[in-house]
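# Per-entry structural report
Read off the chains here:
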Amino acid sequence: MAIAVTICSVCREPLNAKGQCVACLLRTGLDKSVVETKSPASLVFGDFEIARREDGSLWDSVAARWG
Amino acid sequence: MKTLAGNGCRHSDLFPSTHWSVIVAAGRSQAEPQTAQAALAELCQTYWTPLYTFVRSRGYSVEDAQDLTQSFFAYLIEHKIYARVDRQKGRFRSFLLAALKNFLANASDSERTLKRGGGQKFLPLHEAQIDEAESMFQTHSGNGNEDWIFDRSWADALVNAGLERLSADYKREAREKLFNELRIFLISGAEPPPTYADLAVRLGMAESTLRSHVTRLRARYREALRAEVRQTVDTEAEVEEELHELLCVLTGS
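Notes on the structure in this doc start here. Only a predicted model underlies this, so the values are computations on that prediction, with no experimental measurement involved. As a convention, each chain's residues are numbered from 1 in the sequence order in which they are written. All chains are assigned letters beginning at A, and all ligands numbers beginning at 1, according to the order in which they are written. Under the rules for a predicted model, residues below a pLDDT of 70 receive no local features and side-chain atom pairs below 80 are neither given nor counted, while totals for whole chains, interfaces and linings still include all residues.

## So, the overall build of chain A
Helix numbering and strand numbering both begin at the N terminus, where a helix is a DSSP run of H or I of at least 4 residues and a strand a DSSP run of E of at least 2. Scanning chain A from terminus to terminus reveals 3 helices and 3 strands. Reading the helices (α) and strands (β) of chain A from amino to carboxyl end gives α-α-β-β-β-α. Within chain A, contacts between residues separated by at least 24 positions form 0% of all contacts whose residues are at least 6 apart in sequence. Residues are scored as being in contact if the C-beta atoms we place from backbone atoms lie within 7 Å.

## Let's talk about the overall build of chain B
Looking only at helices and strands, chain B features 12 helices and 0 strands. Counting other C-beta atoms within 10 Å of a residue's own tells you its class, since 20 or more makes it buried, 12 or fewer makes it exposed, and anything in between is partly exposed; those C-beta atoms are placed from the backbone. Counting all 253 residues of chain B, 38% fall into the buried class. Counted over contacts in chain B with a minimum sequence separation of 6, partners at least 24 positions apart contribute 68%.

## Quick notes on helix H8 (residues 146–172) of chain B
Think of an α-helix as turning once every 3.6 residues; residues three or four places apart then point the same way. When the terminal C-alpha atoms of H8(B) are compared, their 39 Å separation across 27 residues agrees well with the 39 Å that a helix rising 1.5 Å per residue should span. Positive backbone phi, approximately 60 degrees, marks B:Ala174, located one or two places after H8(B). Residue count minus one, scaled by 1.5 Å, sets the expected span of a helix.

## A short note on the environment of A:Glu13
Take A:Glu13: it is sitting in the segment before helix H1 (22–30). Considered as a pair, A:Glu13 and A:Leu26 are 13 residues apart in the sequence and their alpha carbons are 12 Å apart.

## Here's the deal with the packing of helix H11 (residues 207–230) of chain B against helix H12 (residues 236–251) of chain B
Residues and elements named next belong to chain B. The axes are straight lines fitted to the C-alpha atoms, using for helices just the contacting stretch, and the angles between their N-to-C directions are given from 0 to 180°. In contact at an axis separation of 10 Å, H11 and H12 are set at 100 degrees when each is read in the N-to-C sense. On the basis of their axis angle, the class for H11 and H12 is roughly perpendicular. For the pair H11 and H12, the contacting residues are Arg226, Val229 and Arg230 in the first and Val239, Glu242 and Leu243 in the second. By the convention adopted, Pro, Cys, Tyr, Trp, Phe, Met, Ile, Leu, Val and Ala count as nonpolar, Lys, Arg, Asp and Glu as charged, and the other residues, Gly among them, as polar. Residue classes in the contact of H11 with H12 are distributed as 3 nonpolar, no polar and 3 charged. Oblique is the label for every angle not falling under 35 degrees (roughly parallel), over 145 degrees (roughly antiparallel), or within 65 to 115 degrees (roughly perpendicular).

## Let's talk about the interface of chain B and chain A
Contacts between the two partners involve 35 residues from chain B, matched on the other side by 36 residues from chain A. Looking at which element gives the most residues to the side of chain B that touches chain A, the answer is H11(B), with 12 residues. A breakdown of the residues in the side of chain B that touches chain A according to their chemical character gives 15 nonpolar, 12 polar and 8 charged.

## Focus on the nonpolar core
In terms of nonpolar packing, the biggest core is built from 67 residues, with A:Leu26, B:Ile23, B:Ala155 and B:Leu246 touching the most fellow members. Looking at this core element by element, the count peaks at 10 residues for H8(B). Beyond its immediate stretch of four places on either side in the chain, B:Leu246 contacts A:Leu26, B:Asp151, B:Trp154, B:Ala155 and B:Leu158. Among buried residues, those of type Ala, Val, Leu, Ile, Met, Phe, Trp, Tyr and Cys that are joined through C-beta atoms within 7 Å form a set called a nonpolar core.

## Considering the packing of H1(A) against H8(B)
Here H1(A) crosses H8(B) at 60 degrees, and the two axes come no closer than 10 Å. With respect to H8(B), the element H1(A) is oriented oblique. In this structure, H1(A) crosses over H8(B), and the sense of that crossing is left-handed. In this structure, H1(A) contributes A:Val22, A:Leu25 and A:Leu26 to the contact, and H8(B) contributes B:Ala155, B:Asp156 and B:Val159. Within the contact of H1(A) with H8(B), the residues separate by chemical class into 5 nonpolar, no polar and 1 charged. Here a crossing is called left-handed whenever its near helix is offset anticlockwise from the far helix by less than a right angle, and right-handed whenever the offset is clockwise.

## Focus: the environment of B:Pro194
Residue and element names in this part refer to chain B. You can see Pro194 is positioned in the loop between helix H9 (176–182) and helix H10 (196–203). For Pro194, a count of 13 C-beta atoms within 10 Å corresponds to the partly exposed category. Distance in space between the C-alpha atoms of Pro194 and Ile184 is 8.4 Å, their sequence separation being 10 residues.

## Here's the deal with unusual backbone geometry
In most cases, non-glycine residues show a negative phi, while peptide bonds are predominantly trans. A positive phi is found at A:Arg12, a non-glycine position, where the angle reads about 70 degrees. Here A:Arg12 lies in the segment before H1. For A:Arg12, a count of 10 C-beta atoms within 10 Å gives the class exposed. Its identity as a non-glycine residue notwithstanding, B:Lys80 has a phi of 50 degrees, on the positive side. Tracing the sequence through the fold places B:Lys80 in the loop between helix H4 (62–78) and helix H5 (92–106).

Right, dumping it as structure tokens:
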């Protein structure tokens, strides 16, 4: 039985039966920048986000971004 | 799941207690067999599809492959195959594939008939799960050998376990709707995801807030996926190796 395989719009790898790109999902698991760019301790309140600096102090990252 | 008392890590990067470590500990009589069997059952449930697709790739019919996959789990328990595990020689994926090959090579017709006739099912399965497994086999059966199909199916089962874990977390936090809206940024598909600006307007939130939510979603998924891998390996380094290896299987690089 031949099954038509759809291709991922990002990496061009074949999608699985659920239409998901397993390769992209694995890459995310390997992507260290995903955790390094944002502390898991950061919090979002509406339009504001409280993030944690490397020294542990807190700052309003969204307010800082928009000045 | 019971935890292991006094299974202090011999190496600094060994995880304290995972399904795999519990199974290995039982093999050394350092954990109760029931605890190991429960851990084994959970892992075999998660990775039932790779087992099934491997059996199918050996040429068995749909019905025989279902029976054999179920019988394999019974074989693992009844013959205490997990007691022969050597933790230094590999991960759960390697162990399971080697055990399955051995089972298929040695299982007699009478044993198979007994299991089939008895209708004894050790792993509860849904029709949808069986259909998905068969679809997986049909999609990939012409693309590689039986080991490749097993690994390809394993990668699929792994990421789905990670997504289910993440989805459950969002649901527990009463943020299931947010997860469903944002998952398109996580799960690449045939169509490119919407722009942040467009989706932010539709969801009625600031674009910067949306970006923060997506960043957090990706970070949480990463941790959920790696938590699933940790159940089947010993060290954090092996988590990396396992993910790299599975990615190589998929991309052929």
